[in-house]
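Residues per chain, in single letters:
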Amino acid sequence: QVQLVESGGGVVQAGGSLRLSCVASGRTMSPYAMAWFRQAPGKEREFVAAIGWGGGEMSRSDSVKGRFTISRDNAKNTVYLSMNSLQPEDTAVYFCAAGCRFCGALRTRAQYNDWGQGTQVTVSS
């Protein structure tokens, strides 16, 4: 089983940027699909972005397209989420997740088996 630890969250003004990191330990991350989800207060956890095991396939939700970018550095066992033009509606706890081996950019929560504890992102207006 892999352990995932997110970092990089914080408070930022609308229009600002943040970069989240997720470090995996316990096994190598390289063969696994990885993703970011988020959960706002009182709402369901929702898909944000995913990256396939090889790094060539990526997917993002419509709400973050053009603003957020997912990337991975397998040598560092780390996946990133670069967030630009942040808006108050982006406020949520952001979770990193690991999916199946040799899988693509999966978008469904049920397809991910291992989760981090989350990092809070707050965007003020």
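Up top is the structure these notes are about.
To keep things clear, this report deals only with the structure shown in the data block. Everything quoted here is computed from the prediction, not taken from an experiment. (Residues numbered from 1 in each chain as written. Predicted model: local features only at pLDDT ≥ 70, side-chain atom pairs only at ≥ 80, totals over all residues. Heavy atoms only, no water.)

What about the overall build of the protein?
Within the protein, the regular secondary structure consists of zero helices and eleven strands. Along the protein, from the amino end to the carboxyl end, the secondary structure elements read β-β-β-β-β-β-β-β-β-β-β. The C-alpha atoms of the protein give a radius of gyration of 13 Å, which matches the 14 Å a tight globule of 125 residues would have. Seen through its principal axes, the protein has C-alpha atoms that stretch 40 × 25 × 25 Å. A burial count over the protein gives 46% of its 125 residues as buried. Expressed as a percentage of contacts within the protein between residues at least 6 apart in sequence, the contacts between residues at least 24 apart total 61%. Carbon together with sulfur atoms contributes 47% to the accessible area of the protein, which is approximately 6,100 Å² in total. Of the charged side chains in the protein, 13 are positive and 9 negative; the average position of the first set lies 4 Å away from that of the second. (Helix = DSSP H or I, 4+ residues; strand = E, 2+ residues; numbered from the N terminus. Rg over C-alpha atoms; globule rule 2.2 N^0.38 Å. Buried < 20%, exposed > 50% of the residue type's maximum accessible area, 1.4 Å probe, protein only. Contact = heavy atoms within 4.5 Å. Areas by Shrake-Rupley, 256 points an atom, 1.4 Å probe, with all protein chains shown as cover. Lys, Arg positive; Asp, Glu negative; His and termini not counted. Charge placed at Lys NZ, Arg CZ, Asp CG, Glu CD.)

Thoughts on the sheet that holds strand E7 (residues 68-73)
Taken together, the four strands give an open sheet; going across it, the order is E1-E3-E8-E7, and neighbouring strands pair in antiparallel fashion. Every interior strand has two partners, whereas the edge strands, strand E1 (3-7) and E7, have only one. Here the strands of the sheet are splayed against their neighbours by 15° on average, with no regard to which way each runs. Of the pairings in the sheet, the one linking E1 to strand E3 (residues 18-25) comprises five bridges and is antiparallel in character. (Pairing = 2+ DSSP bridges. Axes fitted to C-alpha atoms, helices over the stretch in contact; angles between N-to-C directions.)

Regarding the packing of aromatic side chains
Applying the stated rule across the entire model yields four aromatic pairs. Between Trp53 and Phe102 the ring centres are 5.0 Å apart and the planes differ by 90°, which places this aromatic pair in the edge-to-face class. Here Trp53 is found in the loop between strand E5 (46-51) and strand E6 (58-60), whereas its partner Phe102 is found in the loop between strand E9 (92-101) and strand E10 (114-115), with 49 residues between them in sequence. One aromatic cluster is present, built from ring pairs that chain together Phe37, Phe47, Tyr112 and Trp115. (Phe/Tyr/Trp six-rings, centres within 6.5 Å; stacked < 30°, edge-to-face > 60°.)

Let's talk about the environment of Gly54
Mapped onto the fold, Gly54 is located in the loop between E5 and E6. Separated by 62 residues in the primary sequence, Gly54 and Gly116 have C-alpha atoms spaced 21 Å apart.

Quick look at the state of the cysteines
Inspection of every chain in the model, using the stated rule, returns two disulfides. Covalently, Cys22 is tied to Cys96 through a disulfide, its sulfur atoms 2.1 Å apart. In this structure, the disulfide formed by Cys22 and Cys96 twists by about -75° around the S-S bond and is classed as left-handed. In this pair, Cys22 sits in strand E3 while Cys96 sits in strand E9, placing the two residues 74 residues apart along the sequence. A sulfur-sulfur separation of 1.8 Å characterises the disulfide bridge that pairs Cys100 with Cys103. Its S-S torsion of about -120° marks the bond between Cys100 and Cys103 as left-handed, since a negative value means left-handed. Classification of Cys100 as partly exposed rests on a relative accessible area of 26%. Sequential numbering of the bridged cysteines in the protein gives the disulfide pattern 1-2, 3-4. (Disulfide = S-S within 2.5 Å.)

Taken by themselves, the reported measurements are silent on function.
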